[in-house]
Amino acid sequence: MTTLLDKPPTDTGEGRSARSLVDAVFRAREISIAGALALLILFTWISNPRFLDDQGVKDLLLNASILVLLAVGQSVVVVTRNIDLSVGSVVGLSAFACGKFVAGTDHGVLTVLLLGAALGVTCGLVSGALVSFGRVPALVVTLGMLYIIQGLDYWWAQGEQISAGDVPDPILSLGSGGVLGVPWLPLIALVLLAATAYFLRSYRSGRELYAIGSNPEAARLAGVPIRRRILGAYAFSGAVAGFAGALWLARFGTVVADNAHGWELTVVSAVVVGGVAITGGTGTVWGAALGALLLTTIGSALIVLKVDAFWQGAITGALLLAAISVDRIVSLRMTAALRKRSARHGNGA
Amino acid sequence: MLIRTAARRRAAATAATACALAVALTACSGTTKDSAVEEGGDTGAAAASANPDAPLKKGLKLAFLPKQINNPYEKIVDEAGIKAAGEYGATGKEVGPSDASASSQVSYINTLIQQRQDAILIAANDPNAVCGPLKQAMKKNIKVVAYDSDTAKDCRQLFINQASSEQIGRSLVQHLGEQIDYKGKIAILSATQNATNQNTWIAFMKDELKLPKYKDMQLVKVAYGDDADQKSFQQTQGLMQAYPDLKGIISPTTVGIAAAARYLGDSSYKGKVVLNGLGTPNQMRKYVKNDTVEQFSLWNPEELGYLGSYAAAALASGQITGAEGEKFKAGKLGEYTIGKDGEVILGEPTVFDKKNIDKFDF
């Protein structure tokens, strides 16, 4: 505390350049993912131009939309040094619930989306309360929630299936239609992505999420309402997952109880590949979204390149390891750089 | 130990009395099946202890072990089987894993053995992974009937085949051939790479394609959508991009065909490629009506469960042992004969199209 008070106001110049160093490093991180993505697309496009025709681009965007949404929700939790493994089963439950709700009725699109989000918030609040107020490790809580929600879903569904024929047309066209040739799903994902990015970057509560993730103790001492923020992060992640469940119904039409089974790991992979450190405190939702886009695009590209499906898993794994190694190296370098700076500054004073 | 053995002996004794009683009761009704007796006598010589005249035992316990507990298709099969069990005074239940991985069924089989079920009906996720425990079960005189997807041949007594694999594989190619006028590139969208039933059908499809009338049809790719929506979508997209002149897709899996239909119906490829395969009328109704799909086939899954249930009961009651040529009665479906390698075939698949689809609800 005393050092803080001692700092003369002229220090801001030094502080700003430290901040811009951090910024530059992470922008570099996002740029490198975007670069990898561009290379992949370029390579696939050269070997098969149809990869980027109208339908091809539309497919790439549609495939990534739901994963992008989930990655955005997950990032908000991960930056607080927590994790939400229940998202896959929340999507499943929400998709089935929404399907059941609309089957044979003419409920509107908005109602269904709200229902999905509401279901998701409920699940998120339970996880969040256990993590923040119950102080149980997030990994265990959300793993438990994964199984509970899945069990509930299975018990409710009893193997029942909602077919596309039962789902009202306006909802189905949300999943396939669009405006001016741009499909709805990617638009929705983009809006949510931009809003979340703005919030995390420019709002006090958004910055506090990062503060909690990088140093919970310091955040507590600085007066950050940790529990409330973490609860909020889980509620948000849950809401996004529930919302994504409703979109799942719109996209695939046919839903059973185990939709999005196992997706939680794909989502976490996307987030980590996108540069959101699993140890909290760093990364942006833009990066996470790029990570999601990269993972789904790899999936599509491999098929178009006629590569054996087996490689998809292996490549995702390699990317994960690469991302984590890069994170580690960058953070070591940056700590060293920052230390050098502050040492220099100390000498100067 | 001692107490348990005593209890078991007592249980065995009661069971024996119950059987004797049941035999006595139904002996009179058995006279109506004279012809069956004669034929059974012939095969009985080959297979040690088959007694075609034995009545179905009361109070049998049957367990259905589907690939995955939430698979809507297997749910229909199992429920019909459990309902059929009620017809002849047995009880049935369904247990199973929540994922369709190779080894996920093993622990369930072990539990069923401990519960001393009379028969286990299994749709195998992997032909070999379940073998050990199933052999254990047969050693303990629990009858094992595979349905939908077979296990290795020596790990079960009977396999209830929904239609002969050959029939399914060949007929799908025949139907598609007619639809595309026997010309052009085709692809297959399957489930997982190691699904027994899928691979058998695909083998027969390839064999059928060797016939001279298919000389202008070329199978370019077998894609695997893992019975997951997103992956099946991506595979279909990939097929259309990788093979722009693709004329037809055969998807012999209900998840795959529904996903492919949903994708094609909303894409610029609608009408350019013919989709055929195996699907349920409920999930495909919309796509048949909006002309994305002209026709698809499936056997009646309820009849599959019904037949499986009766076959298991016939085994557990000693009417049959699983040897080739033995016959048994499957309630309202009539008499069935066991074929080679313990296979019992349900019948021909039904073809669904715009005209008849509304007559079915499953």
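Residues numbered from 1 in each chain as written. Chains lettered and ligands numbered in written order. Predicted model: local features only at pLDDT ≥ 70, side-chain atom pairs only at ≥ 80, totals over all residues.

### Overview of the overall build of chain A
Scanning chain A for helices and strands turns up 14 helices and two strands. The C-alpha radius of gyration of chain A comes to 22 Å, within 12% of the 20 Å expected for a compact globule of 349 residues. Put simply, chain A has 349 residues, and 50% of those count as buried. Sequence-distant contacts, at least 24 apart, represent 80% of the contacts inside chain A between residues at least 6 apart. (Helix = DSSP H or I, 4+ residues; strand = E, 2+ residues; numbered from the N terminus. Rg over C-alpha atoms; globule rule 2.2 N^0.38 Å. Buried ≥ 20, exposed ≤ 12 C-beta atoms within 10 Å, placed from the backbone. Contact = placed C-beta atoms within 7 Å.)

### Some words on the overall build of chain B
Helix and strand content of chain B: 11 helices and 14 strands. Partitioning the contacts of chain B with sequence separation of at least 6, the portion at a separation of at least 24 is 72%.

### Re helix H13 (residues 285-304) of chain A
Residue and element names in this part refer to chain A. When the terminal C-alpha atoms of H13 are compared, their 28 Å separation across 20 residues agrees well with the 28 Å that a helix rising 1.5 Å per residue should span. With 20 of 20 residues buried, H13 is to be regarded as a mostly interior element. A positive phi of about 60° marks Lys306, the residue just after H13. (Expected span 1.5 Å × (residues − 1).)

### Thoughts on helix H11 (residues 226-252) of chain A
All names here are of chain A. Between its first and last C-alpha, H11 extends 38 Å over 27 residues, near the 39 Å set by a 1.5 Å rise per residue. In terms of burial, H11 is largely enclosed, as 24 of its 27 residues are buried. Within two residues after H11, Gly253 carries a phi angle of roughly 75°, on the positive side.

### Digging into the packing of H13(A) against helix H8 (residues 229-242) of chain B
Two elements in contact, H13(A) and H8(B), have axes separated by 8 Å at closest approach and are oriented at 40°. One way to sum up the angle between H13(A) and H8(B) is to call them oblique. You can see that H13(A) and H8(B) cross each other, and the crossing is right-handed. Taking contact as the criterion, the partners of A:Gly299, A:Ser300, A:Ile303 and A:Val304 in H13(A) are, on H8(B), B:Gln234, B:Gln235, B:Gln237, B:Gly238, B:Gln241 and B:Ala242. The residue makeup of the contact of H13(A) with H8(B), split by class, is three nonpolar, seven polar and no charged. (Axes fitted to C-alpha atoms, helices over the stretch in contact; angles between N-to-C directions. Parallel < 35°, antiparallel > 145°, perpendicular 65-115°, else oblique. Left-handed = near helix turned anticlockwise from the far one by under 90°. Nonpolar A, V, L, I, M, F, W, Y, C, P; charged D, E, K, R; others polar.)

### So, the domain arrangement of chain B
Residues and elements named next belong to chain B. With domains assigned, chain B is organised as domain 1 (43-162 + 301-346) and domain 2 (165-298). Between the C-alpha centres of domain 1 and domain 2 the distance comes to 30 Å. Contacts between the two partners involve eight residues from domain 1 and, on the opposite side, seven residues from domain 2. Per-class residue counts for the side of domain 1 that touches domain 2 are three nonpolar, two polar and three charged. (Domains from an automatic or database assignment.)

### Things to note about the sheet that holds strand E13 (residues 343-345) of chain B
Backbone hydrogen bonds hold the strands of a sheet together, and the pairing may be parallel or antiparallel. Residue and element names in this part refer to chain B. The six strands lie next to each other as E2-E1-E3-E4-E5-E13, forming an open sheet whose pairing is parallel. Since the sheet does not close on itself, it has two edges, and those belong to strand E2 (91-94) and E13, each with one partner. Geometrically, the sheet is characterised by an average inter-axis angle of 20° between neighbouring strands, direction not taken into account. Across the sheet, helix H3 (residues 72-87) touches strand E1 (61-65), E2, strand E3 (119-122) and strand E4 (143-147), and the angle it forms with E2 is around 165°. (Pairing = 2+ DSSP bridges.)

### Section: the UniProt feature "domain: Periplasmic binding protein" (unreviewed entry) in chain B
This chain's UniProt record puts "domain: Periplasmic binding protein" (unreviewed entry) on residues 63-319 of chain B. Across residues 63-319 of chain B one finds 45% helix and 19% strand; the C-alpha atoms that close the span lie 19 Å apart. (UniProt positions renumbered as here; feature names shortened; annotations may be inferred.)

### A word on the interface of chain B and chain A
Contacts between the two partners involve 27 residues from chain B and, on the opposite side, 30 residues from chain A. Contributing elements (two or more residues each) for the side of chain B that touches chain A: H3, H8, helix H9 (254-266) and helix H10 (281-289) of chain B. When residues of the side of chain B that touches chain A are assigned to their parent elements, the largest contribution, nine residues, is made by H8(B). Grouping the amino acids of the side of chain B that touches chain A by side-chain chemistry returns eight nonpolar, 13 polar and six charged.

### Thoughts on the packing of helix H4 (residues 87-102) of chain A against helix H5 (residues 109-132) of chain A
Residue and element names in this part refer to chain A. Direction vectors running N to C along H4 and H5 enclose 140°, while the axes themselves pass 9 Å from each other. You can see that H4 and H5 cross each other, and the crossing is right-handed. Contacts between H4 and H5 involve Val90, Leu93, Ser94, Ala97, Cys98, Phe101 and Val102 from the former and Val112, Leu115, Gly116, Leu119, Gly120 and Cys123 from the latter. Residues that form the contact of H4 with H5 fall into these classes: 10 nonpolar, three polar and no charged.

### So, the sheet that holds strand E7 (residues 217-224) of chain B
All names here are of chain B. Read from one edge to the other, the open sheet built from four strands follows the order E7-E6-E8-E9, with strand pairing classed as parallel. Lying at the two open borders of the sheet, with one neighbouring strand each, are E7 and strand E9 (274-277). Adjacent strand axes in the sheet meet at a mean angle of 25°, parallel and antiparallel pairs treated alike. With four bridges joining them, strand E6 (residues 184-190) and strand E8 (residues 246-251) adopt parallel strand pairing.

### Structural notes on the pairing of E4(B)
Residue and element names in this part refer to chain B. For E4, the buried fraction is high: five of the five residues fall into the buried class. On E4, burial covers both faces: Lys143, Val145 and Tyr147 on one face and Val144 and Ala146 on the other are all buried. As defined by bridge partners, E3 adjoins E4 across four bridges and the pair is classed as parallel. Bridging across to E4, Ile122 finds its partner in Ala146. The parallel pair E3 and E4 is bridged by helix H5 (residues 131-139), and the resulting crossover is right-handed. As defined by bridge partners, E4 adjoins strand E5 (residues 158-161) across three bridges and the pair is classed as parallel. Bridge pairing in E5 places Val145 opposite Leu158. (Right-handed = clockwise from strand over helix to strand, strands pointing away.)

### Describing the confidence of the model for chain A
With 91% of its residues at a pLDDT of 70 or more, chain A shows a mean pLDDT of 88. Predicted confidence for residues 1-13 of chain A stays below pLDDT 50, and this span has zero contacts to residues more than four positions away or in other chains. (pLDDT = per-residue confidence, 0-100.)

### Looking at the pairing of E5(B)
Residues and elements named next belong to chain B. Going residue by residue along E5, you find Leu158 and Ile160 tucked away on one face and Phe159 and Asn161 tucked away on the opposite face as well. Where E5 and E13 come together, three bridges link them in parallel fashion. When the sheet's bridge partners are listed, Asn161 is paired in E13 with Ile345.

### Overview of unusual backbone geometry
At A:Leu180, a position not held by glycine, the phi torsion is positive, near 55°. Relative to the helices and strands, A:Leu180 resides in the loop between strand E1 (178-179) and strand E2 (182-183).

### Some words on the environment of B:Val351
Residues and elements named next belong to chain B. Mapped onto the elements, Val351 comes out in strand E14 (residues 350-353). By C-beta crowding, Val351 is classed as partly exposed, having 13 other C-beta atoms within 10 Å. Taking the C-alpha atoms as reference points, Val351 and Leu278, 73 residues apart in sequence, are found 9.2 Å from one another. In this view, Val351 contacts His175, Gln295 and Ser297; residues no more than four positions away in its chain are not counted.

### Side note on the environment of A:Ile41
With respect to the helices and strands, the residue A:Ile41 is situated in helix H2 (residues 12-47). Spatially, the C-alpha atom of A:Ile41 lies 8.7 Å from that of A:Ile298, the residues being 257 residues apart in sequence.

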